[in-house]
Amino acid sequence: MDALFIHAPMTLLLAILFELDWLHNGFIAMGWVIKKEKYWSKWILPAVASVGGVNVVTAIWAGITRQ
């Protein structure tokens, strides 16, 4: 029961906070907010590379720690 109600929610919360939220806030802070669709291609590659890189590092960390 501890794993279901304590470990899993805390792991998911930390994964969401450290994987996605700081990237989203960073994109906004760097001015990567584009309102017109014709300018979206300017930041797509850096944004996808940032999110993908963080997810790869997190997957490696999860594999090493066997969570």
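Refer to the structure above for everything that follows.
These notes cover the structure that comes with them. (Residues numbered from 1 in each chain as written. Predicted model: local features only at pLDDT ≥ 70, side-chain atom pairs only at ≥ 80, totals over all residues. Heavy atoms only, no water.)

Turning our eyes to something else, we now look at the overall build of the protein. Check the secondary structure of the protein and you find two helices and zero strands. Principal-axis analysis of the C-alpha atoms gives the protein an extent of 50 × 20 × 15 Å. Looking at the protein as a whole, 7% of its 67 residues qualify as buried. Surface exposure of the protein reaches about 5700 Å², of which carbon and sulfur atoms provide 73%. Distance between charge centroids for the protein: 19 Å, based on 5 positive and 4 negative side chains. (Helix = DSSP H or I, 4+ residues; strand = E, 2+ residues; numbered from the N terminus. Buried < 20%, exposed > 50% of the residue type's maximum accessible area, 1.4 Å probe, protein only. Areas by Shrake-Rupley, 256 points an atom, 1.4 Å probe, with all protein chains shown as cover. Lys, Arg positive; Asp, Glu negative; His and termini not counted. Charge placed at Lys NZ, Arg CZ, Asp CG, Glu CD.)

This brings us to the environment of Pro46. The residue Pro46 is located in helix α2 (residues 44-65) in this model. Classification of Pro46 by relative accessible area gives partly exposed; the value is 29%.

Given a rise of 1.5 Å per residue, 22 residues ought to cover 32 Å, and the 32 Å separating the end C-alpha atoms of α2 matches this to within 8%. Of the residues one or two after α2, Arg66 is the one with positive phi, at around 55°. (Expected span 1.5 Å × (residues − 1).)

At a minimum axis distance of 10 Å, the contact between helix α1 (residues 2-29) and α2 shows a crossing angle of 155°. The angle between α1 and α2 falls in the class roughly antiparallel. You can see that α1 and α2 cross each other, and the crossing is right-handed. Judged by residue contacts, Phe18, Glu19, Leu20, Trp22, Leu23 and Phe27 of α1 engage Ala47, Ser50, Val51, Val54, Asn55 and Thr58 from α2. (Axes fitted to C-alpha atoms, helices over the stretch in contact; angles between N-to-C directions. Parallel < 35°, antiparallel > 145°, perpendicular 65-115°, else oblique. Left-handed = near helix turned anticlockwise from the far one by under 90°. Contact = heavy atoms within 4.5 Å.)

What follows deals with a nonpolar patch on the surface. A cluster of nonpolar side chains, Met1, Leu4, Phe5, Ile6, Met10, Leu13, Leu14, Leu17, Phe18 and Trp22, forms an exposed patch at the surface whose accessible area comes to about 1100 Å². On the secondary structure map, Ile6 appears in helix α1. (Patch = residues over 30% accessible without salt bridge, like charges linked within 9 Å, V, L, I, M, F, W, Y side chains within 5 Å. Salt bridge = Lys/Arg side-chain N within 4 Å of Asp/Glu carboxyl O.)

We now examine the layout of surface pockets. Considered as a void within the structure, the largest pocket measures approximately 240 Å³ in volume. Mapped by element, the contributors of at least two residues to the lining of the largest pocket are α1 and α2. In terms of residue class, the lining of the largest pocket is made up of seven nonpolar, three polar and one charged. (1 Å grid on protein atoms, 1.4 Å probe; cavity = no way out; pocket = protein on both sides within 12 Å on 5 of 7 lines; lining within 4 Å. Points joined across faces, edges and corners; volume = space filled by probe spheres on them. Nonpolar A, V, L, I, M, F, W, Y, C, P; charged D, E, K, R; others polar.)

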